[in-house]
Structure formats: C-alpha cells, structure tokens
Amino acid sequence: MKRLISTWEDKGMEGIGIDPEDAIQVLSMPDEWIFHLFGATWRITRKWKQGQIRLCSIVNAKSGLCTEDCSFCSQSRRSKAEIDVYPMLEPDEIYRRALKAKGAGAKEFSVVTSGKGLKGKNEFNKVKKAVEMIKETGLQSCVSIGIVDYESLSILKSAGLGKFHHNLETSRSYFPNVCTTHDYDEDIRVVKDAKRAGLSVCCGGIFGIGESPEHRVELAFELKGLDVDSIPINFLNPIKGTPLEEKNHLTPIECLKIIAMMRLTNPTKDIIICGGREVNLRDMQSLIFPAGANGLMLGNYLTTKGRPPEEDIKMINDLSLRWN
Ligand code: SF4
C-alpha cells in the first residue's frame, strides 16, 4: 500500500493524475491507511494550490417549483419537502446578499436558480443585472442557472461574469437513476459552451445518492475529460419529502476517500466542498483539506442551513491555511 500511495503521489505531483483502476483502489483502501494517503494528497494540494483556500457563497435566487425530477433535490417536481418557494429575487436583493457573503469572508458569489433553465427575457435580464452589481462588490461572480445557450453565456461574460456553475450530479451511467427529465448530454453541452464562451467552469456532483464506487470514479474522469476548472463536491443530506429521504449518510471516511480520489484524478483543479458536509463529515470537517480539498462553500445552501461562516474561518486559520 505504501508503494502504491507513493506512485499516486508522483502522478499527482506531475499533474497527470491516477488511472481509473487506481481511483477504485483509493475508494476501497483499508481505513487504517487513510492518514498515509493524506500525506500524499496534502502535498499534492499544497503543490498546486499553495495553501490558499477558496471561499464561495450562494444565494438561492429562485426557489422551488422545478420541472425536473432530480431524486436528491428538495426543489424538484417529485419533492414534497417543505421549502420556501418564491420567484426570481430582484437584483437589489441579490446584491445585498452578496455584500453579506463578502462580509462573512466569501471571495466568490453565485446566483443559483431552480429549474432546467431561465424562463424568458425578464429572468435573464435580472441575472445579468445581478452579475453587473456583484462585480461592483469586488467578488468574483458566478451563476448556476441551468441549461442556457451559448449566446446567453457570451452576453453574461460581457456583463462581467467570471464563472459558470453547472453540476453533472453523477456519472453518465448512473444519471438515469437520478433524473429522467433531461439528458446527460444536455448538461455536457452547456459545460462545453461555457468553456467556449471563455468562462471559468465549476462542475461537479453529489455523492451518497446510491451510486457505486465505479460511478464515483466515472464522474471523476468525465470531469477530467471536460477539463473543468473547479469541482464542487456535495454529499447527500437526505431531506424529508424527497425520494431519497430514507438514505443513510455516508461515513466521514467514505467522504474523505471521495475527496482524495477526486484530488488524485484531477490534481491541478480546485476541489470545493459544498452541501451536506456538516451532516456527513460531522467532527471530521477539517480533514477535507489534508484529503485534497482547497475550497469551501460558506454559509447556507439552497434549501438547508450551513454552519456559521465564522466557524469555517476559524477552522481554516487553525490549520494555518490562507483564505484572504
Ligand atoms: S437539481 Fe436543479 S434541475 Fe434538478 S430538480 Fe433541483 S432545481 Fe431542478
């Protein structure tokens, strides 16, 4: 095991990354080797990210009533979860939330809307205006607005948009178990268009939704093939009223192995830990950094609460990592 981890480290330090067979071994390795693995993933992350932690925050700018049927999501048409439902927020309100996120320590701020895509010119114009206003705050702006065309992406880029977020959620082969209302290829197309429009692309998925280790590895290599800039990792927080409400949490060590596998397959990319980290990692949240993460989502998620941002800042400071 020691020799194997050392070869994985070499591939990470070179920026090449491990093979799918190695990635499966990372996920199935004996737990007692995990701190040895962290030595390798920590050094790889330091080499490519220099101890700098990226902090982003989001606003749920349009909540609920989605036409899609994603099994994990409290906003989907299959969900009976009790969540706030509201139409698109006004740009002024989004700006106010961005300022609040900046005050809490975030460096990036994303406008997230429910639905397969935006509805009509009015919603698009509000997002565009919000992007212009976020730019004024000095934060990097990001949007997660579902499936959009290349022209809209180019317009948003001209308005000052820095980053486009769009998750694949899971592997191509597991996706039909998660969502039946749109095709995986539609998600791939928008990710490629965002790159073509010159935007930085943030694209990842959610784990703990019933997928196998092979599906996890398949997603990691799909993202590698797309050459996305940033990989957000979410862990399922089973919400009452959703089809996955009965699912158990992942164990903290499973989560950490997923992060390590993602770092070892995509050594030079940003790996950002987002929704579900509190409930799945519990007391082990600080270990996401030795495991290979170099970023966090601060504050609340779409329909669930995160922990207070000052606790995350304290955790990062205590590890002598930099965030500002
Ligand atoms: S993940 Fe997005 S597209 Fe899927 S149901 Fe939720 S809001 Fe709709």
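Above this note sits the structure.
Residues numbered from 1 in each chain as written. Predicted model: local features only at pLDDT ≥ 70, side-chain atom pairs only at ≥ 80, totals over all residues. Heavy atoms only, no water.

Colleague: For the overall build of the protein, give the residues involved together with the corresponding values.
Modeller: If you tally the helices and strands in the protein, you get 13 helices and nine strands. Taken against the 2.2 N^0.38 rule, which gives 20 Å for 324 residues, the C-alpha radius of gyration of the protein at 19 Å falls within 12% of a compact globule. Taken over the C-alpha atoms alone, the protein extends approximately 60 × 40 × 35 Å along its principal axes. Residues counted as buried form 58% of the 324 residues belonging to the protein. Sequence separation of at least 24 residues holds for 77% of the intrachain contacts in the protein that already meet a minimum separation of 6. Carbon and sulfur atoms form 50% of the exposed surface of the protein, whose accessible area is close to 13,700 Å². Charge separation in the protein, taken as the distance between the mean sites of 44 positive and 43 negative side-chain charges, equals 4 Å. (Helix = DSSP H or I, 4+ residues; strand = E, 2+ residues; numbered from the N terminus. Rg over C-alpha atoms; globule rule 2.2 N^0.38 Å. Buried < 20%, exposed > 50% of the residue type's maximum accessible area, 1.4 Å probe, protein only. Contact = heavy atoms within 4.5 Å. Areas by Shrake-Rupley, 256 points an atom, 1.4 Å probe, with all protein chains shown as cover. Lys, Arg positive; Asp, Glu negative; His and termini not counted. Charge placed at Lys NZ, Arg CZ, Asp CG, Glu CD.)

Colleague: Lay out the pairing of strand β8 (residues 270–273) with the relevant residues and their values.
Modeller: With burial as the criterion, each face of β8 is covered, one bearing Asp 270 and Ile 272 and the other bearing Ile 271 and Ile 273. Alignment of strand β7 (residues 230–235) against β8, held across four bridges, turns out to be parallel. Within the sheet, the bridge partner assigned to Ser 230 lies in β8 and is Asp 270. With two bridges connecting them, β8 and strand β9 (residues 295–297) associate as parallel partners. Its bridge partner lying in β9, Ile 273 is registered against Leu 296. (Pairing = 2+ DSSP bridges.)

Colleague: Quick one: what's the story with the pattern of salt bridges, residue by residue and with numbers?
Modeller: Opposite charge on two side chains makes pairing possible when the charged atoms of those side chains draw close. Going through the model one piece at a time under the given rule, you end up with 24 salt bridges. Note that Lys 49 and Asp 270 form a salt bridge whose closest N and O atoms lie 3.1 Å from each other. Within this pair, whereas Lys 49 is found in helix α3 (residues 34–49), its partner Asp 270 is found in strand β8, the two being separated by 221 residues in sequence. For Arg 307, the salt bridge goes to Asp 312, with nearest N and O atoms at 2.7 Å. On the basis of relative accessibility, which here comes to 0%, the residue Asp 312 falls in the buried class. In this structure, a network of salt bridges that share partners links the residues Lys 49, Arg 54, Glu 108, Lys 163 and Asp 270. (Salt bridge = Lys/Arg side-chain N within 4 Å of Asp/Glu carboxyl O.)

Colleague: Before we move on, can you summarise helix α2 (residues 20–28) with the specific residues and values?
Modeller: Taken together, the buried positions of α2 are occupied by Asp 22, Ala 23, Val 26 and Leu 27. Here the buried residues of α2 occupy an arc of 145° about the axis, which is enough to place them on one side. More than 90 degrees from the buried face of α2, the exposed residues found are Glu 21 and Ser 28. On its buried face, α2 sits against α1 (2–13), α3, α9 (213–226) and α10 (252–265). (Arc of directions from axis to C-beta.)

Colleague: Run through α10, naming residues and quoting values.
Modeller: Here α10 is 14 residues long and its end C-alpha atoms lie 20 Å apart, about the 20 Å a rise of 1.5 Å per residue gives. Taking burial as the measure, the 14 residues of α10 include 12 buried ones, the bulk of the element. Among all positions of α10, only Pro 252, Cys 255, Leu 256, Lys 257, Ile 258, Ile 259, Ala 260, Met 261, Met 262, Arg 263, Leu 264 and Thr 265 are buried. (Expected span 1.5 Å × (residues − 1).)

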